[in-house]
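Per-entry structural report
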Amino acid sequence: KYIYAKYEYDAWGTDDDDNYAYDYEGILGLILKQNITDILDYKLTLSSTKIYRKGWEDALTDYWYLGKTYQLDNQFTVSPFDFYKLIFGFDYLRELGDSFYTSIWGVSDFPKQTAHNKGYFLENIFNPYKNFFFSFSYRVDDHSSFKDKRTYRLSSSYLFEKTKTKLKVSYGTGFKAPSLYQLYAPATA
């Protein structure tokens, strides 16, 4: 997938004809699936993104940002019974970022930064009888800047066939580390 955008914008609350920016985004992914046995499946996902943003306001104001990510996701699914499924695996994300901004106010250089996250996950899915479902998920993230974060989720649902109404309930915690762009890029870039 590739995205290219060029847009004009106004700065400082005035109607400017010469302010413009470019956005280039490339996304590449590969998914491999394999049934290893009757009860064990494997899925591997590899992906990469590249984002380049460049803008210009006038002879004194210029900026750009370059970001890249590389991701690996390994997932195993074990289904020993019709009413139970276990999903587990690990994933890895590496992020790189670099940015520069110059204006009449000065120069803001965000030197190259990197971050990575290793994640380990486990999900138990129970379907003990036809219309009832229950699951429990647990995840550990080991981020290069934010260290270990542990999250979980409980969810359940019941289908009332007569009215075709599904009652759902879910409770969970979450963690999402800020991107390098959010952490280090100049506020105006």
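Residues numbered from 1 in each chain as written. Predicted model: local features only at pLDDT ≥ 70, side-chain atom pairs only at ≥ 80, totals over all residues. Heavy atoms only, no water.

Focus: the overall build of the chain
The criterion, for reference: A run of H or I in DSSP becomes a helix once it reaches four residues, and a run of E becomes a strand once it reaches two; helices and strands are each numbered from the N terminus. When a residue's accessible area, from a 1.4 Å probe over protein chains only, is under 20% of the maximum for its type it is buried; when over 50% it is exposed; and in between it is partly exposed. By the convention used here, residues are in contact when the closest approach between their heavy atoms is within 4.5 Å.
The helix and strand inventory of the chain stands at one helix and nine strands. Beginning at the N terminus, the succession of helices and strands in the chain can be written as β-β-β-β-β-β-β-β-β-α. Relative to its full complement of 189 residues, the chain shows a buried share of 26%. Of the contacts formed within the chain by residues at least 6 apart in sequence, a portion of 46% connects residues at least 24 apart.

Overview of the side chain of serine 137
Relative to the elements of secondary structure, serine 137 occurs in strand β7 (residues 132-143). Once residues lying within four places of it in the same chain are set aside, the contact partners of serine 137 are Leu122, Glu123, Thr151, Tyr152 and Arg153.

Remarks on the pairing of strand β9 (residues 165-172)
What counts, and what does not: Two strands are said to pair when DSSP picks up at least two bridges between them.
The element β9 is largely exposed, with a buried count of zero among its eight residues. Bridge analysis of strand β8 (residues 147-160) against β9 gives eight bridges, and the strand direction is antiparallel. Paired with leucine 154 across the strands is tyrosine 171, a residue of β9. Between the antiparallel neighbours β8 and β9 lie four residues, among them lysine 164 with a positive phi of about 55 degrees.

Considerations on the pairing of strand β6 (residues 106-129)
Pairing of strand β5 (residues 84-103) with β6 involves 19 bridges; the strand directions are antiparallel. Each residue of the ladder has a partner; that of tyrosine 101, found in β6, is serine 108. Sheet topology note: the β6/β7 ladder contains eleven bridges and is antiparallel. Bridged to asparagine 124 within β7 is phenylalanine 136. Linkage of β6 to β7, two consecutive antiparallel strands, is achieved through a turn of two residues.

Focus on a nonpolar patch on the surface
Operational definition: Two joining distances apply to patches: 9 Å for like charges and 5 Å for nonpolar side chains (Val, Leu, Ile, Met, Phe, Trp, Tyr), and every residue must have over 30% relative accessible area and no salt bridge. Working definition of accessibility: Shrake-Rupley area with a 1.4 Å probe, residue cover restricted to the visible protein chains. A pairing counts as a salt bridge when a side-chain nitrogen of Lys or Arg comes within 4 Å of a carboxyl oxygen of Asp or Glu.
Judged by side-chain polarity, Phe88, Leu122, Tyr138, Tyr152, Leu154 and Tyr171 come together as a nonpolar surface patch covering roughly 510 Å² of accessible area. With respect to the helices and strands, the residue tyrosine 138 is situated in strand β7.

Topic: unusual backbone geometry
With the exception of glycine, the majority of residues adopt a negative phi angle, and the majority of peptide bonds are in the trans configuration. One non-glycine residue, lysine 147, adopts positive backbone phi at about 60 degrees. The residue lysine 147 is located in strand β8 in this model. Residue classification places lysine 147 among the exposed positions, given a relative accessible area of 52%. Despite not being glycine, lysine 164 has its phi angle at roughly 55 degrees, a positive value. Secondary-structure assignment places lysine 164 in the loop between β8 and β9.

Details of the packing of aromatic side chains
Where we set the bar: Two rings belonging to Phe, Tyr or Trp (six-membered ring only in the last case) form a pair when the distance between their centres is within 6.5 Å. Interplanar angles under 30 degrees mark stacking, angles over 60 mark edge-to-face geometry, and anything in between is tilted.
In the structure shown here, the tally under the stated rule is nine aromatic pairs. With centroids separated by 5.3 Å and ring planes inclined at 10 degrees, the aromatic side chains of phenylalanine 81 and phenylalanine 83 adopt a geometry described as stacked.

Observations concerning the environment of serine 179
With respect to the secondary-structure elements, serine 179 resides in the loop between β9 and α1 (180-184). Classification of serine 179 by relative accessible area gives buried; the value is 19%.

Distances and angles like these do not, on their own, reveal function.
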